[in-house]
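This is what each chain is made of:
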Amino acid sequence: FRPTCHRRAKGSVLQNSFHEFLDNDIVESLQDKLSVVEPNEVQDQALKTFFATEHNAIIVCAQTGSGKTLTFLLPIIQTLQNNANAKALVVAPTNLLIEQHQAVAAALLGSSNTILDRIQFRSLSSPFLNDDDGEDDFDVIAVDEIDAVLYGESKMDEETELTSIGQYVIEKLAPKSRVLGTSAFLSRAHQMALLEQHLPDVEVLREQGVTSTQTQVLVPTLRQKFKYFSGNRLEKLVDVLDDAKRDDWLSQGSTMIFCGTVEQAQEVFDALVVEADLDDDNADDTNTFALVHEQLDRSEIHSLMTKLRHDANQPAQSTTILICTDVAARGLDIPNIRHVILHTVPTTNSAFIHQVGRTARKGQVGLLTCLVNTASGDAQKYTHLHALKAASELSFQSWKQYSKGVPKITFN
Ligand SMILES: Nc1ncnc2c1ncn2[C@@H]1O[C@H](COP(=O)(O)OP(=O)(O)OP(=O)(O)O)[C@@H](O)[C@H]1O
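The shown structure was predicted, so the numbers you read here are calculated from the model rather than taken from an experiment.

**Concerning the pattern of salt bridges**
For the structure shown, the criterion picks out eight salt bridges. A salt bridge links Glu 145 to Arg 330; the shortest N-O distance between them is 2.8 Å. With Glu 145 in the loop between strand 4 (140-143) and helix 7 (146-151) and Arg 330 in the loop between strand 10 (320-324) and strand 11 (337-342), this residue pair connects regions lying 185 residues apart in the sequence. By the burial criterion, Glu 145 is buried, and Arg 330 matches it. Notably, a salt bridge pairs Arg 246 with Asp 243, separated by 2.9 Å at the nearest N-O pair. Linking Arg 246 with Asp 243, this pair stays in helix 10 (residues 233-246), spanning three residues, or about one helical turn. The class for Arg 246 is exposed, based on a relative accessible area of 62%. Classification of Asp 243 by relative accessible area gives partly exposed; the value is 26%. One continuous salt-bridge network, built from bridges that share partners, spans Glu 145, Asp 147 and Arg 330.

Right, dumping it as structure tokens:
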């Protein structure tokens with residue numbers, strides 16, 4: 001994307017693609033409800049491509065935390081506002097992510113808005129869409145995390161057989177529906193299947209100079225630490241958390257710890273809670289622990305996420321340590337996550353990118369600590385992740401304002 005330059009003549013209103021393509025009430029809502037004043041380059045490009053061209057499949061490929069949600073929600077809301085009969089579908093891999101999108105749409109529209117009733121939100125685990133229910137006439141279909149939705153949350157990045165919802169989306173494409181997809185990373189296999197087989201006419205929007213999604217996938221504001229150890233993994237984790245607690249900047253933010261399985265997440269959670277109880281003489285310790293995995297009750301996770309977002313707006317926030325499985329990796333935008341710890345080294349590039357991408361969002365700094373047990377196969381698993389390149393610069397010039405004033409991480 002070429003950085004957009006919006007010059008403001010003395011006394012004039014700043015014009016950008018928000019003003020050019022969106023109604024005033026939407027622009028005002030963006031500002032009032034989300035504090036989003038102007039589009040970044042990827043949003044600018046997406047709005048132009050959607051409203052000023054006839055491409056019926058558009059995919060936005062950009063780093064984690066770069067604002068891809070608005071690249072599909074805004075075209076959808078404006079389309080539904082223009083046409084009272086229009087309908088849209090939003091698909092994302094997990095219920096957690098779908099609920100997040102619903103919350104953003106509701107914030108923009110106000111929850112009683114009738115436009116919201118014309119947007120269907122589905123995850124891979126929602127009941128299958130049924131044409132008999134008249135659900136086959138969506139004007140816009142948004143497919144967030146298009147690789148996961150089309151090809152499934154496979155343990156390998158190599159799976160290219162379409163999921164049933166993927167098949168549905170491809171069949172619904174043109175002439176009736178326009179598809180807006182997003183992705184932070186496409187494996188080579190997914191890229192080929194998508195561009196050569198399933199969406200050959202797709203218009204792919206990427207940052208300027210990036211020719212494939214294999215490069216520049218990690219944000220340059222991410223700091224990475226690899227802790228090589230042999231011995232007890234839990235003890236190492238406790239050491240890492242203790243160090244982080246002593247760091248002025250890290251200790252004021254929340255942490256996500258990714259585990260390989262539900263059982264492991266439960267085990268880590270139990271151990272950390274016991275450890276914190278033993279240490280409860282420490283009155284300064286404001287950490288709270290929470291679990292996020294696929295077997296938890298949906299309403300429980302929903303209230304946790306609502307609380308986390310609410311707490312982030314409070315001045316005296318407590319910090320949270322979230323112990324999660326991969327279900328919390330894709331797309332979650334939890335405020336103030338300063339530290340991601342990979343308790344288990346993920347097996348695929350995409351799992352790594354999405355887990356790590358919960359921090360260092362929107363141009364801000366964040367730290368990854370990856371526990372690498374030299375006595376297990378961890379080090380070997382990690383070698384293939386070395387191929388992932390960090391971008392040398394922030395994707396978007398406009399993000400620079402958010403990275404100002406962030407202290408250097410002193411954690412060693
Ligand atoms: N133009 C903008 N100005 C300021 N903030 C923005 C803008 N666009 C998006 N944001 C904020 O940036 C954050 C990240 O956005 P979002 O969750 O859409 O990222 P993403 O690219 O979808 O991330 P992921 O790849 O992890 O799914 C959100 O808090 C969002 O409100």
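**Quick look at the sheet that holds strand 8 (residues 254-258)**
Whenever strands of a sheet pair, they do so through backbone hydrogen bonds, lying parallel or antiparallel. One open sheet accounts for six strands, arranged 7-12-11-8-10-9; its pairing is parallel. Each of the sheet's edge strands pairs with one partner strand only, and the pair in question is strand 7 (222-229) and strand 9 (288-292). Mean inter-strand twist for the sheet, computed between neighbouring axes without regard to direction, equals 20 degrees. As paired strands, strand 9 and strand 10 are joined by five bridges and run parallel to one another. In the sheet register, Leu 291 faces strand 10, and the bridge partner there is Ile 323. Here helix 12 (residues 298-312) sits on the sheet and contacts strand 9 and strand 10; the angle it forms with strand 9, its principal contact strand, is near 135 degrees.

**Things to note about the confidence of the model for the protein chain**
Model confidence for the protein chain is summarised by a mean pLDDT of 83, while 80% of its residues fall at 70 or above. Here the prediction assigns the complex a pTM of 0.89, and the interface score ipTM is 0.99.

**Observations concerning the sheet that holds strand 6 (residues 203-205)**
Strand order in this open sheet of six strands is 3-2-4-5-1-6, and the pairing throughout is parallel. What marks the edges here is a single partner per strand, and that holds for strand 3 (119-123) and strand 6. Neighbour to neighbour, the strand axes of the sheet diverge by 15 degrees on average, direction disregarded. Note that strand 4 and strand 5 (residues 178-183) share four bridges and pair parallel. Bridge pairing in strand 5 places Ala 142 opposite Leu 180. Its contacts with the sheet put helix 8 (residues 164-172) on strand 2 (88-92), strand 3, strand 4 and strand 5, and the angle it makes with strand 4 is roughly 145 degrees.

**Brief notes about helix 12**
When the terminal C-alpha atoms of helix 12 are compared, their 21 Å separation across 15 residues agrees well with the 21 Å that a helix rising 1.5 Å per residue should span. Those residues of helix 12 that sit buried are Ile 301, Leu 304, Met 305, Leu 308 and Asp 311. The buried residues of helix 12 occupy an angular sector of 130 degrees when the element is viewed end-on, so they sit on one face. Taken together, the buried residues of helix 12 touch helix 5 (95-109), strand 9 and strand 10.

About the thresholds
- Residues numbered from 1 in each chain as written.
- Predicted model: local features only at pLDDT ≥ 70, side-chain atom pairs only at ≥ 80, totals over all residues.
- Heavy atoms only, no water.
- Salt bridge = Lys/Arg side-chain N within 4 Å of Asp/Glu carboxyl O.
- Helix = DSSP H or I, 4+ residues; strand = E, 2+ residues; numbered from the N terminus.
- Buried < 20%, exposed > 50% of the residue type's maximum accessible area, 1.4 Å probe, protein only.
- Pairing = 2+ DSSP bridges.
- Axes fitted to C-alpha atoms, helices over the stretch in contact; angles between N-to-C directions.
- Contact = heavy atoms within 4.5 Å.
- pLDDT = per-residue confidence, 0-100.
- Expected span 1.5 Å × (residues − 1).
- Arc of directions from axis to C-beta.

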